[in-house]
Amino acid sequence: MNPREEELAVRALLENPPLVDLAFKEQRWAELAALVRFTRRDVPIALAQTDPALYRRLREQITRFFLLGGDVFSLPKLEAKRSP
């Protein structure tokens, strides 16, 4: 996946949390790894000035991801699974 495709996949997963479970069941490891990387990096603080609404929405979605148990995902294990 290129960076734009990763961002679109991550935004879709954050927007709709049940899709995270579906991605796990369908073994879409690359998308889940991208999601974990994105959430751990957090939202760039500069976005708060350029697009406050988007910044606030992403922060809320990332918080919800972690409250729903997203911290159990292991990035090294997800990246190992997606490698052939």
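Residues numbered from 1 in each chain as written. Predicted model: local features only at pLDDT ≥ 70, side-chain atom pairs only at ≥ 80, totals over all residues. Heavy atoms only, no water.

(A) A look at the overall build of the protein. Tallying secondary structure elements over the protein gives 6 helices and 0 strands in all. Scanning the protein from its N terminus toward the C terminus, one meets helices and strands in the order α-α-α-α-α-α. Its C-alpha atoms give the protein a radius of gyration of 13 Å, within 12% of the compact-globule value 12 Å for 84 residues. Counting only C-alpha atoms and orienting by the principal axes, one finds that the protein spans roughly 40 × 25 × 20 Å. Counting across all 84 residues of the protein, residues that qualify as buried make up 33%. (Helix = DSSP H or I, 4+ residues; strand = E, 2+ residues; numbered from the N terminus. Rg over C-alpha atoms; globule rule 2.2 N^0.38 Å. Buried < 20%, exposed > 50% of the residue type's maximum accessible area, 1.4 Å probe, protein only.)

(B) Spotlight on the environment of A33. Inspection of the secondary structure puts A33 in helix 3 (residues 29–41). With 48 residues separating them in the primary sequence, A33 and K81 have C-alpha atoms 9.6 Å apart. Residues contacting A33, with those up to four places away along its chain left out, are L75, L78 and E79. (Contact = heavy atoms within 4.5 Å.)

(C) Region of interest: helix 5 (residues 52–67). The terminal C-alpha atoms of helix 5 lie 22 Å apart, and with 16 residues this matches the ideal 22 Å at 1.5 Å per residue to within 8%. All buried positions along helix 5 are accounted for by L54, Y55, L58, Q61, I62 and F65. When helix 5 is viewed along its axis, its buried side chains cluster within an angular range of 135 degrees and face the same direction. Those residues of helix 5 that are exposed and aimed more than 90 degrees away from the buried face are E60 and L67. Contacts made by the buried residues of helix 5 are with helix 1 (3–15), helix 3 and helix 4 (47–50). Of the residues trailing helix 5, G69 is marked for its positive phi of about 105 degrees. (Expected span 1.5 Å × (residues − 1). Arc of directions from axis to C-beta.)

(D) Representation of the packing of helix 1 against helix 5. Orientation of helix 1 relative to helix 5, taken along the N-to-C sense of each, is 65 degrees, at an axis distance of 9 Å. It follows from the interaxial angle that helix 1 and helix 5 lie roughly perpendicular. Note on packing geometry: the crossing formed by helix 1 with helix 5 is left-handed. Residues R11, L14 and E15 of helix 1 pack against L54, R57, L58, Q61, I62, R64 and F65 of helix 5. A class-by-class count of the residues in the contact of helix 1 with helix 5 yields 5 nonpolar, 1 polar and 4 charged. (Axes fitted to C-alpha atoms, helices over the stretch in contact; angles between N-to-C directions. Parallel < 35°, antiparallel > 145°, perpendicular 65-115°, else oblique. Left-handed = near helix turned anticlockwise from the far one by under 90°. Nonpolar A, V, L, I, M, F, W, Y, C, P; charged D, E, K, R; others polar.)

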